[in-house]
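Read off the chains here:
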Amino acid sequence: MRTNRRFVVTQLVKTSEFPYIKYAFLEFNPPQSDFYKYYDKDVNIVVSSATSSGKSAMLEMVIAHTVFVQKKKAVYLSPLKALTAEKAQNWENKSHSFSNLKISIITGDYILSESRIRELESADIILMTTEMVNSKCRNYKSERSRWIYDVGCLCVDEAHLLGVKERGDKLEVGLLSFAAHNADARIILASATMDNIQELSNWTTLLNNKPTELVVSDFRPAQLNLNFHSYDDTGGYYLSEEEKVNLTINILEK
């Protein structure tokens, strides 16, 4: 088992070299160019890159290769239902190269039915909230989730959720369960705020016995001004998120 730490390349890759998605920009930025080396390799990837540095485009590279070349399903995980819906809306937009693909969403209000089972079996991309991957793997027999074995990549956005109390353990168990069912699928973890990336990449390799590449970058597309404010996190994950949002709004209004 092998884990490599990689840093940003200086040579930028032209987006025209990527054949599966048409981009509105001419070159991938530094972390995207570093990621480009691995999008079609049979490896896991852990991405630690700043907010707005283009991690979504990195995940799209792997998803595109999985669906268009390998003819397998791609699964995208995000921590919030709203983020999942937003990603689906972006990919279903006529201007996106994924718009002709079959896209299905599984969130907390998911209701199992025969039509939903058929929909998931035929889907190219399945978008899920992080808790749902654990549920689907745990109940795969009763829910006839055979599609799990057709997945070629599992992309986890906002992967720092692994360290969040009350929710991280569910994602961890979900990844363990998924890898136990489908060790052939690649696992891609992306976040702007993961500290223990080397430890995390070693653990990712243990999940499916695939080498894990690290893409680490401090590249930022715009200057960042830092302001530190305290907030109350005693009320659980959702109340803490609401507290942070309200605090941010107050700062912006001032």
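Everything discussed here concerns the structure shown above.
Keep in mind it's a predicted model, so treat the numbers as computed, not measured.

**Student:** Can you walk me through the overall build of the chain in this structure?
**Tutor:** Regarding its fold elements, the chain presents 8 helices and 8 strands. Taking 2.2 N^0.38 as the reference for a compact globule, 254 residues should give roughly 18 Å; the C-alpha atoms of the chain span a radius of gyration of 18 Å, in line with that estimate. Overall, the C-alpha framework of the chain stretches about 50 × 45 × 40 Å when taken along its three principal axes. Scored against the burial criterion, the 254 residues of the chain give a buried share of 48%. For the chain, long-range pairs separated by at least 24 residues make up 68% of all intrachain contacts whose partners lie at least 6 apart in sequence. Surface summary for the chain: the accessible area is close to 13,200 Å², and the carbon and sulfur share equals 50%. When the 30 basic and 32 acidic side-chain charges of the chain are each reduced to a single mean position, those positions are 6 Å apart.

**Student:** Got a minute to help me understand helix 4 (residues 114-122) in this structure?
**Tutor:** Note that an α-helix has 3.6 residues per turn; residues three or four places apart therefore point the same way. Residues Arg-116, Ile-117 and Leu-120 constitute the buried set of helix 4. Buried positions in helix 4, seen along its axis, are confined to an arc of 105 degrees and lie on one side of it. Contacts made by the buried residues of helix 4 are with strand 3 (73-78), strand 4 (103-106) and strand 5 (125-129).

**Student:** Where do I start with the environment of Ala-180 in this structure?
**Tutor:** Tracing the sequence through the fold places Ala-180 in helix 6 (residues 168-181). C-alpha separation for the pair Ala-180 and Leu-207, spaced 27 residues apart in sequence, amounts to 7.7 Å.

**Student:** Where do I start with the packing of helix 5 (residues 130-138) against helix 6 in this structure?
**Tutor:** A pair of packed helices can be characterised by two numbers: the angle between their axes and the separation between those axes. Between helix 5 and helix 6, whose axes approach to 8 Å, the crossing angle comes to 40 degrees. One way to sum up the angle between helix 5 and helix 6 is to call them oblique. Crossing handedness for the pair helix 5 and helix 6: left-handed. Touching Thr-130, Glu-131, Val-133, Asn-134, Cys-137 and Arg-138 of helix 5 are Lys-170, Leu-171, Val-173, Gly-174, Ser-177, Phe-178 and His-181, all from helix 6. Grouping the constituent residues of the contact of helix 5 with helix 6 by class yields 5 nonpolar, 5 polar and 3 charged.

**Student:** Quick question: what am I supposed to make of the pattern of salt bridges here?
**Tutor:** Between side chains of opposite charge, a pair can form when the charged atoms approach closely. Taken as a whole, this structure holds 8 salt bridges when the rule is applied. We note a salt bridge from Asp-40 to Lys-41, for which the minimum N-O separation is 3.1 Å. Asp-40 gets classed as partly exposed once you look at its relative accessible area, which sits at 33%. When its relative accessible area of 40% is taken as the criterion, Lys-41 is described as partly exposed.

**Student:** Sorry, what's going on with a nonpolar patch on the surface here?
**Tutor:** Taken together, the side chains of Leu-224, Leu-226 and Phe-228 make up a nonpolar region of the molecular surface, amounting to roughly 380 Å² of accessible area. With respect to the helices and strands, Leu-226 occurs in the loop between strand 8 (212-216) and helix 8 (237-253).

**Student:** Can you walk me through the packing of aromatic side chains in this structure?
**Tutor:** Aromatic ring pairs are reported here in terms of the distance separating the ring centres and the angle at which the planes meet. Within this structure, the stated rule accounts for 15 aromatic pairs. Taken together, a centroid distance of 5.5 Å and an interplanar angle of 75 degrees make the contact between Tyr-76 and Trp-91 edge-to-face. Here Tyr-76 is found in strand 3, whereas its partner Trp-91 is found in helix 3 (residues 81-92), with 15 residues between them in sequence. Note on Tyr-76: relative accessible area 1%, which makes it buried. Ring-pair connections join several aromatic residues into one group, and the members of that group are Phe-18, Tyr-20, Tyr-23, Phe-25, Phe-28, Tyr-36, Tyr-39, Phe-68, Tyr-76, Trp-91 and Phe-98. Above the face of the Tyr-237 ring, Arg-167 is positioned so that its terminal group lies 4.4 Å from the ring centre.

Cut-offs and rules
- Residues numbered from 1 in each chain as written.
- Predicted model: local features only at pLDDT ≥ 70, side-chain atom pairs only at ≥ 80, totals over all residues.
- Heavy atoms only, no water.
- Helix = DSSP H or I, 4+ residues; strand = E, 2+ residues; numbered from the N terminus.
- Rg over C-alpha atoms; globule rule 2.2 N^0.38 Å.
- Buried < 20%, exposed > 50% of the residue type's maximum accessible area, 1.4 Å probe, protein only.
- Contact = heavy atoms within 4.5 Å.
- Areas by Shrake-Rupley, 256 points an atom, 1.4 Å probe, with all protein chains shown as cover.
- Lys, Arg positive; Asp, Glu negative; His and termini not counted.
- Charge placed at Lys NZ, Arg CZ, Asp CG, Glu CD.
- Arc of directions from axis to C-beta.
- Axes fitted to C-alpha atoms, helices over the stretch in contact; angles between N-to-C directions.
- Parallel < 35°, antiparallel > 145°, perpendicular 65-115°, else oblique.
- Left-handed = near helix turned anticlockwise from the far one by under 90°.
- Nonpolar A, V, L, I, M, F, W, Y, C, P; charged D, E, K, R; others polar.
- Salt bridge = Lys/Arg side-chain N within 4 Å of Asp/Glu carboxyl O.
- Patch = residues over 30% accessible without salt bridge, like charges linked within 9 Å, V, L, I, M, F, W, Y side chains within 5 Å.
- Phe/Tyr/Trp six-rings, centres within 6.5 Å; stacked < 30°, edge-to-face > 60°.
- Lys NZ or Arg CZ within 6 Å of the ring centre and 35° of its normal.

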